[in-house]
Amino acid sequence: MQHMDAIIKRLEDVELTAEQIVDRAEASKNDIGQRIQAQRDAFDEKLAAETEEKLAKIKAEAERKLNQILEDEKKKQHSIIDNLEKEYEENHEAYAQEILENIIAV
């Protein structure tokens, strides 16, 4: 009978040890899952910040280029206007004379 009690006691010890191993494994699994999730969250935050920074740089560069294009166009338009005003100042009497002659010829 003692031999049977010893075997039962040994089986109880094995079962208890197995339960403890399973509990530790479950706790370890949860801990690892939490660490992985934390790493994933940190990665996502870092990626979002890097993406936002890159987008801001692209936007700033596009805005700078657009402003340069606008400035170049303004200069070009001012140059054209200046040339037209100069031509008018130099030739407005001849233009008026030519218009008058065309009116009289009709």
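As the structure is a prediction and not an experimental result, all values here were calculated from the model.

### Overview of the overall build of the protein chain
And then number 1: Helix and strand counts for the protein chain stand at one helix and zero strands.
And then number 2: Taken against the 2.2 N^0.38 rule, which gives 13 Å for 106 residues, the C-alpha radius of gyration of the protein chain at 44 Å runs more than 25% over that of a compact globule.
And then number 3: Projecting the C-alpha coordinates of the protein chain onto the three principal axes gives extents of approximately 145 × 25 × 10 Å.
And then number 4: Taken over 106 residues, the protein chain has a buried fraction of 0%.
And then number 5: Approximately 10000 Å² of the protein chain is accessible, and the part contributed by carbon and sulfur atoms is 58%.

### Focus: a negative patch on the surface
And then number 1: Residues Glu-12, Glu-15, Glu-19, Asp-23 and Glu-26 make up a contiguous surface patch of negative charge.
And then number 2: In this structure, Asp-23 sits in helix α1 (residues 2-105).
And then number 3: Owing to a relative accessible area of 53%, Asp-23 belongs among the exposed residues under this scheme.

### Considering the pattern of salt bridges
And then number 1: Enumeration according to the criterion identifies five salt bridges in this entry.
And then number 2: Across the salt bridge formed by Arg-35 and Asp-31, the nearest N and O atoms sit 3.3 Å from each other. Of this pair, Arg-35 and Asp-31 are both found in helix α1, four residues apart, which corresponds to roughly one turn of the helix.
And then number 3: In this structure Asp-31 comes out as partly exposed when scored by relative accessible area, which is 38%.
And then number 4: The residue Glu-61 makes a salt bridge to Arg-64 at a minimum N-O spacing of 2.6 Å. Taken as a pair, Glu-61 and Arg-64 lie in helix α1 at a separation of three residues, close to a single helical turn.
And then number 5: Judged by relative accessible area, which is 46%, Arg-64 ranks as partly exposed.

### Notes on a nonpolar patch on the surface
And then number 1: A cluster of nonpolar side chains, contributed by Met-4, Ile-7, Ile-8 and Leu-11, occupies part of the molecular surface with about 370 Å² of accessible area.
And then number 2: Inspection of the secondary structure assignment puts Ile-8 in helix α1.

### Side note on α1
And then number 1: Between its first and last C-alpha, α1 extends 143 Å over 104 residues, near the 154 Å set by a 1.5 Å rise per residue.
And then number 2: A maximum bend of about 65 degrees is found in α1 at Asn-91.

Thresholds applied
- Residues numbered from 1 in each chain as written.
- Predicted model: local features only at pLDDT ≥ 70, side-chain atom pairs only at ≥ 80, totals over all residues.
- Heavy atoms only, no water.
- Helix = DSSP H or I, 4+ residues; strand = E, 2+ residues; numbered from the N terminus.
- Rg over C-alpha atoms; globule rule 2.2 N^0.38 Å.
- Buried < 20%, exposed > 50% of the residue type's maximum accessible area, 1.4 Å probe, protein only.
- Areas by Shrake-Rupley, 256 points an atom, 1.4 Å probe, with all protein chains shown as cover.
- Patch = residues over 30% accessible without salt bridge, like charges linked within 9 Å, V, L, I, M, F, W, Y side chains within 5 Å.
- Salt bridge = Lys/Arg side-chain N within 4 Å of Asp/Glu carboxyl O.
- Lys, Arg positive; Asp, Glu negative; His and termini not counted.
- Charge placed at Lys NZ, Arg CZ, Asp CG, Glu CD.
- Expected span 1.5 Å × (residues − 1).
- Bend = angle between axes of the 7 residues up to and from the residue.

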